[in-house]
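Next come the chains, spelled out residue by residue.
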Amino acid sequence: QVQLVESGGGLVQPGGSLRLSCAASTSNFRLYNMGWYRQPPGKQRELVATITNTGSTNYADPVKGRFTISRDNPTNTVALQMNSLKPEDTAVYYCNARNIITQRDAWGQGTQVTVSS
């Protein structure tokens with residue numbers, strides 16, 4: 001089972017930027033579609049962005065044009081660049097890995113992002 005470790009969360013003012021990173025411990029990173037999800041306070045977990053093993057991306061409407069997901073296969077990492085942050089982006093952000101063969105999901109422990117003045 002792949003292990004995921006997120007980093008890069010924190011407190012930022014509205015309009016600011018943060019970059020989240022997720023490191024995957026697997027020798028078969030190319031067999032995983034990767035994604036970022038978030039869980040705002042008192043709400044359910046929701047999709048933020050995904051990137052397939054071939055690099056195709058998909059974004060939730062609220063983050064389109066502001067967030068960018070990317071992956072670096074040689075280093076087994078996926079990143080989420082978040083610009084023009086808004087208070088409603090405040091959430092715990094989770095990294096997800098889905099094996100393209102087994103369709104099994106793995107999750108990171110989550111990293112807190114707080115957007116506040």
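Position numbers for residues count from 1 along each chain, tracking the sequence in the order it is written. Only residues with pLDDT of 70 or above have their local features reported here, since the model is predicted, and side-chain atom pairs are shown and tallied only from 80 upward, although totals for entire chains, interfaces and linings are computed over all residues. Heavy atoms from the whole structure form the basis of all side-chain values; hydrogens and water molecules are not counted.

### Description of the sheet that holds strand 7 (residues 67–72)
Across a sheet, strands are paired by hydrogen bonds formed along the backbone, either parallel or antiparallel in direction. Strand order in the open sheet formed by four strands is 1-3-8-7, and the pairing between neighbours is antiparallel. Strands with a single pairing partner mark the edges of an open sheet, and in this sheet they are strand 1 (3–7) and strand 7. With strand direction ignored, the average angle separating the axes of adjacent strands in the sheet is 15°. Only strands joined by at least two bridges in the DSSP assignment are considered to pair. Helix and strand definitions here come from DSSP, where helices need a minimum of 4 consecutive H or I residues and strands a minimum of 2 consecutive E residues; each element is numbered from the N-terminal end. Two elements, strand 1 and strand 3 (residues 18–25), share five bridges in a ladder whose sense is antiparallel. Each residue of the ladder has a partner; that of E6, found in strand 3, is C22. Axis definition: a line fitted to C-alpha atoms, over the contacting stretch in the case of helices. Angles run 0 to 180 degrees between N-to-C directions.

### Notes on the state of the cysteines
In protein structure, a disulfide is the covalent linkage between the sulfur atoms of two cysteines. Only a pair of cysteine sulfur atoms within 2.5 Å counts as a disulfide in this structure description. Summed over all chains, the structure comprises one disulfide. In this model, C22 is linked to C95 through a disulfide, with the two sulfur atoms separated by 2.1 Å. Handedness of the C22-C95 disulfide follows from its S-S torsion of about -85°: it is left-handed. Linking C22 in strand 3 with C95 in strand 9 (residues 91–99), this pair joins segments that are 73 residues apart in sequence. With a 1.4 Å probe rolled over the protein chains alone, any residue whose accessible area is under 20% of its type maximum counts as buried; one over 50% counts as exposed, and the rest are partly exposed. Looking at C95, the relative accessible area reads 0%, which means it is buried.

### Observations concerning the pattern of salt bridges
Should a side-chain nitrogen of Lys or Arg be within 4 Å of a carboxyl oxygen of Asp or Glu, the pair is scored as a salt bridge. All chains considered together, the criterion is met by five salt bridges. Between K64 and D61 there is a salt bridge, and its shortest N-O distance comes to 3.0 Å. For D61, a relative accessible area of 59% translates into the label exposed. When the shortest N-O distance is used, the salt bridge between D89 and R66 registers 2.8 Å. Of this pair, D89 sits in the loop between strand 8 (77–82) and strand 9 while R66 sits in the loop between strand 6 (57–59) and strand 7, placing them 23 residues apart in sequence. As far as the burial class goes, D89 and R66 line up, both buried. One continuous salt-bridge network, built from bridges that share partners, spans R38, E46, R66 and D89.

### Overview of unusual backbone geometry
Only a minority of non-glycine residues have a phi that is not negative, and only a minority of peptide bonds are not trans. The phi angle at N76 is positive, at roughly 55°, despite the residue not being glycine. Residue class for N76 comes out buried when judged on its relative accessible area of 16%.

Function cannot be inferred from these measures alone, as they are strictly geometric.
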